[in-house]
Amino acid sequence: MRIKILVIGSSGQLGSELKVLENHFPSIDFVFWSRKDLDLADLASIKPKLMSEEFDWIINCAAYTKVDFAEQENTLCTTINADAVGIIAEVCKQKTAGLVHYSTDYVFHQAGRLTPYVESDLLSPKGQYAISKMKAEEIISSVMTDYFIIRSSWIYSSFGHNFVKTMLRLAKKKIPIKVVDDQIGSPTYAADLAQWTMKLIAMDNAKSNSGIYHFANQGNCSWFQFAQSIFELKGLEVDLTAIPTSEFNAAAPRPEYSVLDTSKIRTVVSDQIPLWRDSLKNCLSLINLDEL
Ligand SMILES: NC(=O)c1ccc[n+]([C@@H]2O[C@H](COP(=O)([O-])OP(=O)(O)OC[C@H]3O[C@@H](n4cnc5c(N)ncnc54)[C@H](OP(=O)(O)O)[C@@H]3O)[C@@H](O)[C@H]2O)c1
């Protein structure tokens, strides 16, 4: 049976990686909408626009992702990340369509935590972005039943804006770089996340597996170790210094430890998730320094 998937937020990292996968799924019709096709900040436009389109699934890759700016732009962040998602969920329910929505490791922020978070752990977000993502989770799970909420972490890609490309740009300019060494997480290649999203949707009886899932590349590191690996794998000599979070002065708080336990998704999909360094290598092979 052919199915149709509407991807919202198609020009971001994850949306772009889903576009790359389109040809691998000949029995699925994809429609990609960027912000110019649907602006989630314009709440009144969402329902009429979505009701005029047919689809079996929405994959919502759109989000307000400027974690630090969100401290100032809380209203806009909540509108896009929570209120708009509520309308999308209502439309999906009305059309008996499924919804894939992405959340974040930042919904967890437990002091002293040293073991990976499982899906049922208590949420403890700090900062406006993290709180808005938690609100979306609550709204989706209260409105509808056929959904995948996929929490992920430290996403990068050869597309869009991310830590990997920022590090490479700074290295190219020979600027000394300071990176925090006391926040631990799992870098996640958006291409892997896009693939695993499709694995969930393409399963027989996909909707029977509805619920919250954690997906991240396997293993973990600090941002400093992540930066070290980027430079090592790209063969770059960089003046790199480890600093504590207290020296970085970010506007929004970040969890010291936000590693996600991915057992549930690995069991449901019956596959192994690549190690973060292997996926980083794959991504770096697609990034041409001269084009940054
Ligand atoms: N990046 C991470 O480290 C990370 C970690 C965990 C979870 N997540 C979650 O994973 C999902 C995908 O993240 P990503 O890294 O792919 O994000 P991204 O690269 O920042 O892309 C976000 C997309 O949302 C779009 N967008 C922003 N405001 C919009 C609006 N008002 N209306 C419509 N579209 C709008 C952006 O459009 P423009 O291109 O026009 O700006 C962009 O295409 C998000 O839900 C994010 O919260 C991200």
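The structure under discussion appears in the preceding block.
Note that the coordinates shown come from a computational prediction; the quantities given were computed from them, not determined experimentally.

Caption draft 1: Representation of the environment of Gln183. Along the chain, Gln183 turns up in the loop between strand S7 (177–180) and strand S8 (184–185). With 38 residues separating them in the primary sequence, Gln183 and Cys221 have C-alpha atoms 8.2 Å apart. Every residue in contact with Gln183, bar those within four places of it in the chain, is listed here: Trp154, Cys221, Ser222, Trp223, Thr245, Arg254, Pro255 and Glu256. Reaching out from Gln183, the side chain makes a polar contact with the side chain of Trp223 at a distance of 3.2 Å. Within the structure, the side chain of Gln183 is placed 3.1 Å from the side chain of Thr245, a separation counted as a polar contact.

Caption draft 2: Representation of the nonpolar core. One finds Leu50, Phe226 and Ile230 to be the most contacted residues of the largest nonpolar core, which totals 59 residues. Sorting elements by how many residues they give to this core places helix H3 (residues 74–94) first, with 8 residues. Non-local contacts of Ile230, meaning those with residues more than four positions away in its chain, are made with Phe163, Val164, Met167, Leu168, Leu280 and Leu284. In terms of nonpolar packing, the next biggest core, distinct from the first, is built from 29 residues, Ala194, Trp196, Leu200 and Ala206 among them.

Caption draft 3: Molecular detail of the state of the cysteines. All chains considered together, the criterion is met by 0 disulfides. We note that Cys61 lacks a disulfide partner, and the nearest cysteine sulfur, in Cys92, lies 13 Å from it.

Cut-offs applied
- Residues numbered from 1 in each chain as written.
- Predicted model: local features only at pLDDT ≥ 70, side-chain atom pairs only at ≥ 80, totals over all residues.
- Heavy atoms only, no water.
- Helix = DSSP H or I, 4+ residues; strand = E, 2+ residues; numbered from the N terminus.
- Contact = heavy atoms within 4.5 Å.
- Polar contact = N/O pair within 3.5 Å; in protein donor to acceptor, adjacent residues only side chain to side chain.
- Core = buried A, V, L, I, M, F, W, Y, C linked by side-chain atoms within 4.5 Å.
- Buried < 20%, exposed > 50% of the residue type's maximum accessible area, 1.4 Å probe, protein only.
- Disulfide = S-S within 2.5 Å.

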